[in-house]
Amino acid sequence: MTGREPQPTADAADPADPADPADAAVEVAGLCVRFGAVDAVAGVDLRVEAGQALALLGRNGAGKSTTMRVLAGVVPPSAGRALVAGHDVHAEPLAAKRAVGYCPDVGGLVPRATPWEHLQLSARLRRLDGWEPRARALLEQFDLGDVAHRVTAGFSHGMGRRLSVVLAALHEPRVLLLDEPFDGVDPVGVEATFTVIEDARARGAGVLVSTHLRDLAVEVCSEVAVLRAGVRVATVSADHMAGDEGARAYRALLA
Ligand SMILES: Nc1ncnc2c1ncn2[C@@H]1O[C@H](COP(=O)(O)OP(=O)(O)OP(=O)(O)O)[C@@H](O)[C@H]1O
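These numbers come from a predicted model, not from an experiment. (Residues numbered from 1 in each chain as written. Predicted model: local features only at pLDDT ≥ 70, side-chain atom pairs only at ≥ 80, totals over all residues.)

**Describing the site of the ligand**
Right, so step 1: Residues in close proximity to the ligand include Phe 35, Val 38, Ala 40, Gly 58, Asn 60, Gly 61, Ala 62, Gly 63, Lys 64, Ser 65, Thr 66 and Asp 105, which together make up its full environment.
Right, so step 2: Of all the secondary-structure elements, those providing two or more residues to the shell around the ligand are β2 (38-48) and α1 (64-71).
Right, so step 3: Element by element, the count of residues in the shell around the ligand is highest for α1, at three residues.
Right, so step 4: Residue composition of the shell around the ligand, by class: four nonpolar, six polar and two charged. (Near = placed C-beta within 6 Å. Helix = DSSP H or I, 4+ residues; strand = E, 2+ residues; numbered from the N terminus. Nonpolar A, V, L, I, M, F, W, Y, C, P; charged D, E, K, R; others polar.)

This is the structure in structure tokens:
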């Protein structure tokens, strides 16, 4: 991300897109992403069902953010398939972007714009009606109400993270992609993010959370997928990754 573009990405026409209950929220098969000589993602398979939250764990450079960027339509796949809410991100980019709310790991905010202006722009691009009460509620929930009309240039890292989650959640997307949503975020922000994830699951959305914070991941997600060097090495229940035993199991997968 360049940090110059607001999230989410602009959409064009917005025809009705009724959910097909047969569709997974996220379906990734044989995904490869190459940057020159670097295989950032080297054949990843993932599935997130509607109403499920899956955590994506792995060491620095494992390919987590690249996978998220493909699903958000920011980076094209080199090979394989990536679908969100039944839409191929490559073949149906607009329908796919419409289904997604994306919190990028870095950037995405316009320094000279206020949180309210970010929300206004997002609502306009997505042609949302009656979005204001939800926007106000989300800002309050994330303790950003007092700074709703302050430019984001002076925001702390954690404030920027919290606003990025608010922007991803505004339109109640069918697929919520949160890349490092807890990074540098205080307990109020963590709690608010948990609520956003739980609300999304309750209305049948699928959630993918990329993070280094295993303890938080297992608290809010039902399953964990571990990437290593661009390859998925395990998908296990969150219980399996909890506590001291989970820490040992996780370290073993990274070795
Ligand atoms: N735009 C790019 N150009 C070249 N290489 C890239 C690019 N984006 C990612 N990479 C490389 O792809 C690999 C995977 O990066 P990625 O950011 O997906 O990892 P990650 O698991 O999210 O890491 P972290 O936990 O540090 O954020 C790394 O080797 C990285 O250097």
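Resuming the write-up.
**Quick notes on the UniProt feature "domain: ABC transporter" (unreviewed entry) in the protein chain**
Right, so step 1: As recorded in UniProt, the feature "domain: ABC transporter" (unreviewed entry) lies at residues 26-254.
Right, so step 2: Note that residues 26-254 is 37% helix and 27% strand, and that its end C-alpha atoms are spaced 24 Å apart. (UniProt positions renumbered as here; feature names shortened; annotations may be inferred.)

**Quick notes on the nonpolar core**
Right, so step 1: If you look at the biggest cluster of nonpolar residues, it comprises 69 residues, and the most contacted ones within it are Leu 71, Val 84, Val 166, Val 175 and Leu 177.
Right, so step 2: With seven residues, helix α5 (residues 157-169) is the single largest residue contributor to this core.
Right, so step 3: Setting aside residues up to four positions removed in sequence, Val 175 forms contacts with Ala 25, Val 26, Val 84, Ala 85, Ala 99, Val 100, Ala 205 and Gly 206. (Core = buried A, V, L, I, M, F, W, Y, C linked by C-beta atoms within 7 Å. Buried ≥ 20, exposed ≤ 12 C-beta atoms within 10 Å, placed from the backbone. Contact = placed C-beta atoms within 7 Å.)

**Points about the sheet that holds β2**
Right, so step 1: Sheet architecture is open: four strands sit in the order β2-β1-β4-β5, paired in antiparallel fashion. The open sheet terminates on both sides in strands that have one partner only, identified here as β2 and β5 (87-88).
Right, so step 2: Note that strand β4 (residues 79-84) and β5 share two bridges and pair antiparallel. Each residue of the ladder has a partner; that of Leu 83, found in β5, is Asp 88.
Right, so step 3: Across the face of the sheet, α1 comes into contact with β1 (26-35), β2 and β4 while running at roughly 115° to β1. (Pairing = 2+ DSSP bridges. Axes fitted to C-alpha atoms, helices over the stretch in contact; angles between N-to-C directions.)

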